[in-house]
Every structure is written in structure tokens, then in C-alpha cells.
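Each chain, written out:
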Amino acid sequence: MFQGNEIMGLVLAGGQSRRMGTDKGKLKYHNKPQREYLYDQMKPLCARVFLSIRPEQQAEIPRELDCIVDENQYKGPFNGLLSAHHAFPEVAWLVVACDLPLVNQKVLKYLVDRRDPKAMATAFATHKTKLPEPLAAIWEPQGLKTAESYMQTAQSSCPRKFLINEDTFLVFPEDDLWLANANEPEEYENILTELNSK
């Protein structure tokens, strides 16, 4: 039985990747598929780690990786978030999307060390936007429970909009580049260049 203040890890890898034109979870920035890289980066920080995937992805996932399959009750990222919440409703979830290629164990630990379990969520926010990044965040059980109620009547399924209007503790990174997003082929190439320059 997991305790309420325990953190589990969730790599959101079930998106359709339409703009990228290929599955973003399979892209290699660190010599292995990004979804597997993030899974490994989370393991030292979490009680358990799961990939959040679509049903049709199950056959291609290595057996040693735990998965939570989308229930398809909600649109957008809430699909994976709330599927995980239903599986383990008492735990907090450290959530990272697989289109954040510069997130690593150091970045994740920076967030975990600053967690406020009394908030609905503890989320990264860039210095530039000062807006919560819901897919680089720790969602508390109460936050996900409240989000599910919100989704019953919400006009938008955007998790950022939800966090903006709730008690969200913001964590500002040492470098906004930590949260660089790769949704299109050009962004993928730019981040590869950035990584190769180090």
C-alpha cells in the first residue's frame, strides 16, 4: 500500500505526435528512446515509474517497463494523468512529457526537492512566462481529484488552465532551457545540436 506523500513517476508517452510526424517517445536524444530515458531518470526518485501509453502502443514497449494504458475518458494530457490517478488514487505523481528532451535526473530532483505537498501541484514555470508547466510537475492526489471534478464541466481540457486557477506551487529552473520543448522536426534538430555542443 502506497502512502499519501509517496511519489510515483509517470512518463507521458501516449501522444499522437502529429506535428513531429513520428512518435516523440521513440526519438533518441541520449542514445535510447526518449520515453525509456525519462523512465530511467525517474527511477531513483520515485517509488515506482510507469509509462503512460495508448492501448495500441502496448506491443512495442519492452517488458521490463511498467505501463498504465490510457482509459480514454478524457481529452489531451488529462487522459494519461487521470488514468494514472485511477490506478493509484492515493499517491502523488511526478509527471514528465516525452517532448522535454533536456529534462534529466538533476532537473527532476530539483523539482522534487522543492515539492509542496499541501498545494494541488508543484510545477516548473519558466522565468519568461511564469506559467505552470503541467507536464513537468508533481500532481498531488487532491489536485488530480479536483481536476477530475473540473473536467466534468470545463470548457477546456488544458491542464495549464486548471493549474493557473488552483493553488499551484511554482518552481523556477536554474535555466529556462531545462524546459525546452520539441514538438516539430526543426525543434528536434535544434536540441540535438544543443546536446552535441556540450
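Residues numbered from 1 in each chain as written. Predicted model: local features only at pLDDT ≥ 70, side-chain atom pairs only at ≥ 80, totals over all residues. Heavy atoms only, no water.

A. Geometry of the nonpolar core. Counting 31 residues, the largest nonpolar core has Met42, Leu94 and Phe124 as the members making the most contacts within it. Among the secondary structure elements, those contributing two or more residues to this core are β1 (7-12), α1 (34-42), β2 (49-53), β4 (92-97), α3 (105-112) and β6 (132-139). The biggest single contributor to this core is α3, with 5 residues. For Met42, the contacting residues outside a window of four places in its chain are Gly9, Leu10, Val11, Val49, Leu94, Val95, Val96 and Leu108. The next biggest cluster of nonpolar side chains, apart from the first, holds 25 residues, and it includes Leu10, Leu12, Val95 and Leu163. (Core = buried A, V, L, I, M, F, W, Y, C linked by side-chain atoms within 4.5 Å. Buried < 20%, exposed > 50% of the residue type's maximum accessible area, 1.4 Å probe, protein only. Helix = DSSP H or I, 4+ residues; strand = E, 2+ residues; numbered from the N terminus. Contact = heavy atoms within 4.5 Å.)

B. Spatial organisation of the environment of Ala137. The topology assignment puts Ala137 in strand β6. Given a relative accessible area of 0%, Ala137 falls into the buried group. For the pair Ala137 and Asn104, spaced 33 residues apart in the sequence, the C-alpha separation amounts to 13 Å. Ignoring anything within four residues of it in the chain, the contact list for Ala137 reads Trp93, Leu94, Val95, Leu111, Thr122 and Ala123.

C. Highlighting the sheet that holds β1. On the basis of which strands lie adjacent, the open sheet formed by 7 strands has the order β3-β2-β1-β4-β6-β5-β7 and mixed pairing. Edge positions in the open sheet fall to β3 (67-69) and β7 (168-171), since each of these has one partner strand only. Pairwise comparison of adjacent strand axes, ignoring direction, gives a mean angle of 30 degrees for this sheet. Strand direction decides the pairing type here: strand β5 (residues 121-125) and β7, joined by 4 bridges, are parallel. Across the sheet, the residue bridging to Ala123 is Leu170, located in β7. In the packing of helix α2 (residues 78-87) onto the sheet, the strands contacted are β1, β2, β3, β4 and β6, and the crossing angle to β1 comes to about 150 degrees. (Pairing = 2+ DSSP bridges. Axes fitted to C-alpha atoms, helices over the stretch in contact; angles between N-to-C directions.)

D. Up close: the pairing of β5. Of all 5 residues that make up β5, 5 are buried, and the element is covered over most of its length. Side-chain alternation along β5 places Ala121, Ala123 and Ala125 on one buried face and Thr122 and Phe124 on a second face that is also buried. Direction of pairing for β5 relative to β6: antiparallel, over a ladder of 5 bridges. Counted as the bridge partner of Ala121 is Trp139 from β6.

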